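Listed below, chain by chain, are the residues.
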Amino acid sequence: MLSIDNLTFRYNTHDGNVLNGVNLQLEDGQIGILLGKNGSGKTTLFQSILGIRKPQKGAICFDGEDLLKLSRKERARRVAYVPQDIQFGALTVFDSVLLGRVSYFGMKSSSEDYKAVETILREMHLESLAQRNVEELSGGERQKIAIARAMAQAPRLMVFDEPTGNLDIANEQLIMEEAKKLSREKGISILCSLHDLNQALSFGDRFFFLKDGIVRYAGGQEIITPEVIRDIFDIDVRLVVFDGETYIIGGKPNER
Ligand code: ADP
């Protein structure tokens, strides 16, 4: 279980807190969606979980261990990151995914690492791309490789920062389904920021709305109401149920 308690972060001593006592709990195998306006602190929160930023106060625990106190290598075996647009450099797909094993092999990869990569490529139906240069692939394919590389870390938690930001609709759907499948099959928790509210609804188990440096609303789908969306994004929407699924329509700026 991921448990973030009273997390406080500011970039400069003369600036205000970007995170001002964030609390967030996510069960194993659940998909949590982080929502909030641009500048609300989503990336800062992710970077704190990944150890890139050092919060001034608070704790980030995963399965009872304080992530902030682990070494980089130890943290990499527990938490993997899938950024919006990954820069791999001129590597083959196989080597790009193998890089995810670095926290296990240190200086030199072993046959076990190779086997782990082969298994992931097979499971994600990427074997035919194994020897291709990753820079020659499409955005959707590259994003799949980014997930494969994160999987190679054998993490318990994956952090996705706007993973579909640069993809077309078909690829967006594909990537999110792939991530959901992996999370369900392997019990991996995912914390993901998304800006598309309907995508969030179809993908998430839990929702966390960030505003003014805190998680202002947290819960299941039932917490997503026009009032909450107005408070967070300043837009007016309606919820409609079609074929048993809830959709958000509208999005007119609120004229209050
Ligand atoms: P989001 O991911 O929700 O768009 P960010 O975490 O990127 O939000 O930013 C939160 C706030 O922190 C913003 O006001 C942003 O200007 C500020 N910020 C982000 N990165 C830095 C930085 N490196 N130095 C100073 N302020 C920053």
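About the criteria used
Residues numbered from 1 in each chain as written. Predicted model: local features only at pLDDT ≥ 70, side-chain atom pairs only at ≥ 80, totals over all residues. Heavy atoms only, no water. Pairing = 2+ DSSP bridges. Helix = DSSP H or I, 4+ residues; strand = E, 2+ residues; numbered from the N terminus. Near = heavy atom within 4 Å. Polar contact = N/O pair within 3.5 Å; in protein donor to acceptor, adjacent residues only side chain to side chain. Nonpolar A, V, L, I, M, F, W, Y, C, P; charged D, E, K, R; others polar. Buried < 20%, exposed > 50% of the residue type's maximum accessible area, 1.4 Å probe, protein only. Contact = heavy atoms within 4.5 Å. Axes fitted to C-alpha atoms, helices over the stretch in contact; angles between N-to-C directions. Patch = residues over 30% accessible without salt bridge, like charges linked within 9 Å, V, L, I, M, F, W, Y side chains within 5 Å. Areas by Shrake-Rupley, 256 points an atom, 1.4 Å probe, with all protein chains shown as cover. Salt bridge = Lys/Arg side-chain N within 4 Å of Asp/Glu carboxyl O. Core = buried A, V, L, I, M, F, W, Y, C linked by side-chain atoms within 4.5 Å.

In this section: the sheet that holds strand β2 (residues 19-26). Hydrogen bonds between backbone atoms are what pair the strands of a sheet, whose relative direction is either parallel or antiparallel. Spatially, four strands are ordered β2-β1-β4-β5 in an open sheet, and the strand pairing comes out antiparallel. Looking at which strands have only one partner, the edges of the open sheet turn out to be β2 and β5 (65-66). Strand direction decides the pairing type here: strand β1 (residues 2-9) and β2, joined by six bridges, are antiparallel. The residue of β2 that forms the bridge with phenylalanine 9 is leucine 19.

Turning our eyes to something else, we now look at the site of the ligand. The local shell around the ligand consists of Tyr11, Val18, Lys37, Asn38, Gly39, Ser40, Gly41, Lys42, Thr43, Thr44 and Arg53. The backbone of glycine 39 places a nitrogen or oxygen atom 2.7 Å from an oxygen atom of the ligand. In the environment of the ligand, an oxygen atom lies 2.5 Å from a nitrogen or oxygen atom belonging to the side chain of threonine 44. A per-class count over the shell around the ligand returns two nonpolar, six polar and three charged.

Along the chain, the position of serine 189 falls in strand β8 (residues 189-193). Residue serine 189 is classed as buried on the basis of its relative accessible area, which comes to 0%. Among the polar contacts made by the side chain of serine 189, one reaches the main-chain carbonyl oxygen of glutamate 27 at a distance of 3.3 Å. Sequence-distant contacts of serine 189, defined by excluding residues within four places in its chain, comprise Leu26, Glu27, Asp28, Gly29, Gln30, Phe62, Arg156, Leu157 and Met158.

Strand order in the open sheet made by the six strands is β6-β7-β8-β3-β9-β10, with mixed pairing throughout. Two strands lie at the open edges of the sheet, namely β6 (79-82) and β10 (214-219), each paired on one side alone. When strand polarity is set aside, the average angle formed by the axes of neighbouring strands in this sheet is 20°. The pairing of strand β7 (residues 157-161) with β8 spans five bridges and is classified as parallel. Along β8, the bridge assignment pairs methionine 158 with isoleucine 190. Each of β3 (31-35), β6, β7, β8 and β9 (206-211) is contacted by helix α1 (residues 42-49), which is oriented at about 150° to β7, the strand it contacts most.

Moving on, we get to a nonpolar patch on the surface. A cluster of nonpolar side chains, contributed by Phe242, Tyr247 and Ile249, occupies part of the molecular surface with about 300 Å² of accessible area. In this fold, phenylalanine 242 is placed in strand β11 (residues 235-242). A relative accessible area of 56% places phenylalanine 242 in the exposed class.

Bringing the environment of glycine 39 into the picture now. Locating glycine 39 in the fold gives a position in the loop between β3 and α1. Owing to a relative accessible area of 79%, glycine 39 belongs among the exposed residues under this scheme. Along the chain, glycine 39 and aspartate 212 lie 173 residues apart, while their C-alpha atoms are 9.8 Å from each other.

Turning to the nonpolar core, a few remarks are in order. The biggest cluster of nonpolar side chains holds 54 residues, and the ones touching the most others in it are Ile33, Ile147, Met158 and Phe209. Of all the elements, helix α6 (residues 139-152) adds the most residues to this core, at seven residues. Among residues more than four places away in sequence, those in contact with methionine 158 are Ala80, Ile147, Ala150, Met151, Ile188, Ser189, Ile190 and Leu191.

With five bridges connecting them, β1 and strand β4 (residues 57-62) associate as antiparallel partners. Looking at the pairing, threonine 8 lines up with lysine 57 of β4.

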